[in-house]
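Now for the letters of each chain:
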Amino acid sequence: MNSILFLGDAHLRDGDPELQAFLRFLQDAPSHAAALYLMGDLFDLWVGSPAFLTECHHRVLEALRRLRAAGMDLVYVEGNRDYRLGRLFESDPFRSVVREKTEITFGGRRIHLAHGDLVNRADRQYRFWRRVAKGPLLLGVLETLPSGAARRLATRLERDMARTNQRHRERFPEEECRRYALEVRRLGADMMVLGHFHQEMRLSYAGAEGSIEVFVLPAWREAHRLLVLRDDGEVAFEALGAGG
């Protein structure tokens, strides 16, 4: 039976003990599925410029290239810690790098994919900061700096972003998620996959156009779990291929 995988929020970094577990997962992934959708924040910080790449980035990218060469379809949906990745990584190693959201069909399901950081429209402070941080002006300034200084400044900015509007980060925004999901349902999707919230959840919402299932991915680094969608439409959270 064929399947596709959805994985979110690994938050890998240099010196990270989770790096080896993630590399083992990538090594084993072809035996489990035909496609892997990485739903953002694969690293603590990832900028689409060679000056920002560290040893951790290079090791994971090499493993992803081997996975793509073995026939795995790879798609990346940018998260709140990802910046203009398409410039370097669209077509190598990913077939596609998605800036905000996309839609796919598989197993008889029409699926909306998004990282999730834009679901909560009430968090206006974060949404403003995101526009600034992901805009071309700030990234252009960073690229004019020496690589070491650029990395330090980018890391500091990321820490500042993580602290914005903590009130909206203390709970899952279910009402905002419901509104977002029903808008997606009106456009035709019957399933939605999100990362970002680091909580494993399966939700269902009903509207005038019918119901939609919402799957919120756990943070991979916390339990090595991800979402599996099989070609018969069956969906399940599972732990795959990270054992030692």
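Residues numbered from 1 in each chain as written. Predicted model: local features only at pLDDT ≥ 70, side-chain atom pairs only at ≥ 80, totals over all residues. Heavy atoms only, no water.

Draft legend 1. Quick look at the nonpolar core. Core analysis: the largest hydrophobic core is formed by 35 residues, its most contacted members being Phe22, Phe25, Leu36, Leu42, Trp46 and Val60. When contributions to this core are tallied by element, the ones reaching two or more residues are strand 1 (3-7), helix 1 (18-28), strand 2 (35-38), helix 2 (55-69), strand 4 (73-77) and strand 12 (225-230). Those residues in contact with Phe22 that lie beyond four places of it in its chain are Leu7, Ala10, Leu12, Leu38, Leu42, Val60 and Trp220. Ranked by size, the runner-up nonpolar core spans 20 residues in total, among them Phe6, Met39, Val77 and Leu229. (Core = buried A, V, L, I, M, F, W, Y, C linked by side-chain atoms within 4.5 Å. Buried < 20%, exposed > 50% of the residue type's maximum accessible area, 1.4 Å probe, protein only. Helix = DSSP H or I, 4+ residues; strand = E, 2+ residues; numbered from the N terminus. Contact = heavy atoms within 4.5 Å.)

Draft legend 2. Summary view of the sheet that holds strand 12. Read across the sheet, 6 strands follow the order 6-4-2-1-12-13 without closing on themselves; strand pairing throughout is mixed. The two strands at the open ends of the sheet, each matched to only one other strand, are strand 6 (96-98) and strand 13 (235-239). Mean inter-strand twist for the sheet, computed between neighbouring axes without regard to direction, equals 25°. Of the strand pairs in this sheet, strand 12 and strand 13 are connected by 5 bridges, and their pairing is antiparallel. From the neighbouring strand, Leu227 faces strand 13, where its bridge partner is Phe237. (Pairing = 2+ DSSP bridges. Axes fitted to C-alpha atoms, helices over the stretch in contact; angles between N-to-C directions.)

Draft legend 3. Quick peek at the sheet that holds strand 10 (residues 201-207). Read from one edge of the open sheet, 5 strands run 7-8-9-11-10, paired in mixed fashion. The open sheet has two edge strands with one neighbour each: strand 7 (101-106) and strand 10. Strand after strand, the sheet turns through a mean of 25° between neighbouring axes, direction not considered. Of the pairings in the sheet, the one linking strand 8 (residues 109-114) to strand 9 (residues 191-194) comprises 4 bridges and is parallel in character. Its bridge partner lying in strand 9, Ile111 is registered against Met191.

Draft legend 4. Spotlight on the pattern of salt bridges. Within the structure shown, the criterion is met by 18 salt bridges. Glu213 is the salt-bridge partner of Arg109, the closest N and O atoms lying 3.0 Å from each other. Of this pair, Arg109 sits in strand 8 while Glu213 sits in strand 11 (residues 210-216), and the two are 104 residues apart along the sequence. When the shortest N-O distance is used, the salt bridge between Arg121 and Glu183 registers 2.8 Å. (Salt bridge = Lys/Arg side-chain N within 4 Å of Asp/Glu carboxyl O.)

Draft legend 5. Fine view of helix 4 (residues 124-133). Three or more residues of helix 4 are buried, namely Tyr126, Trp129, Arg130 and Ala133. Along the axis of helix 4, the buried positions cluster into a sector of 105°, meaning they face one direction only. When the buried face of helix 4 is taken as reference, the exposed residues oriented beyond 90 degrees from it are Arg124 and Arg131. (Arc of directions from axis to C-beta.)

Draft legend 6. Molecular detail of the packing of helix 1 against helix 2. Where helix 1 meets helix 2, the axes come as close as 10 Å, and the angle between the chain directions of the two elements is 10°. The orientation of helix 1 relative to helix 2 falls into the category roughly parallel. Contact with helix 1, carried on its side by Leu19, Gln20, Phe22, Leu23 and Leu26, involves Cys56, Arg59, Val60, Ala63, Leu64 and Leu67 of helix 2 and no other residues of that element. (Parallel < 35°, antiparallel > 145°, perpendicular 65-115°, else oblique.)

Draft legend 7. Just unusual backbone geometry, in detail. Cis rather than trans, the peptide bond between Asp92 and Pro93 has omega equal to 10°. Note that Pro93 resides in the loop between helix 3 (86-89) and strand 6. Even without being glycine, His196 reaches a positive phi, approximately 75°. Assignment of secondary structure puts His196 in the loop between strand 9 and strand 10. Positive phi, close to 55°, is recorded for His224, a residue that is not glycine. Take His224: it is sitting in the loop between helix 8 (220-223) and strand 12.

Draft legend 8. Representation of the pairing of strand 1 within the structure. Of all 5 residues making up strand 1, 5 are buried, and the element is well covered by its neighbours. Every second residue of strand 1 is oriented toward a common face, with Ser3, Leu5 and Leu7 on one face and Ile4 and Phe6 on the other, all of them buried. Bridge analysis of strand 1 against strand 12 gives 4 bridges, and the strand direction is antiparallel. Bridging from a neighbouring strand, Ile4 pairs with Leu229 of strand 12. Sheet topology note: the strand 1/strand 2 ladder contains 4 bridges and is parallel. From the neighbouring strand, Ile4 faces strand 2, where its bridge partner is Ala35.

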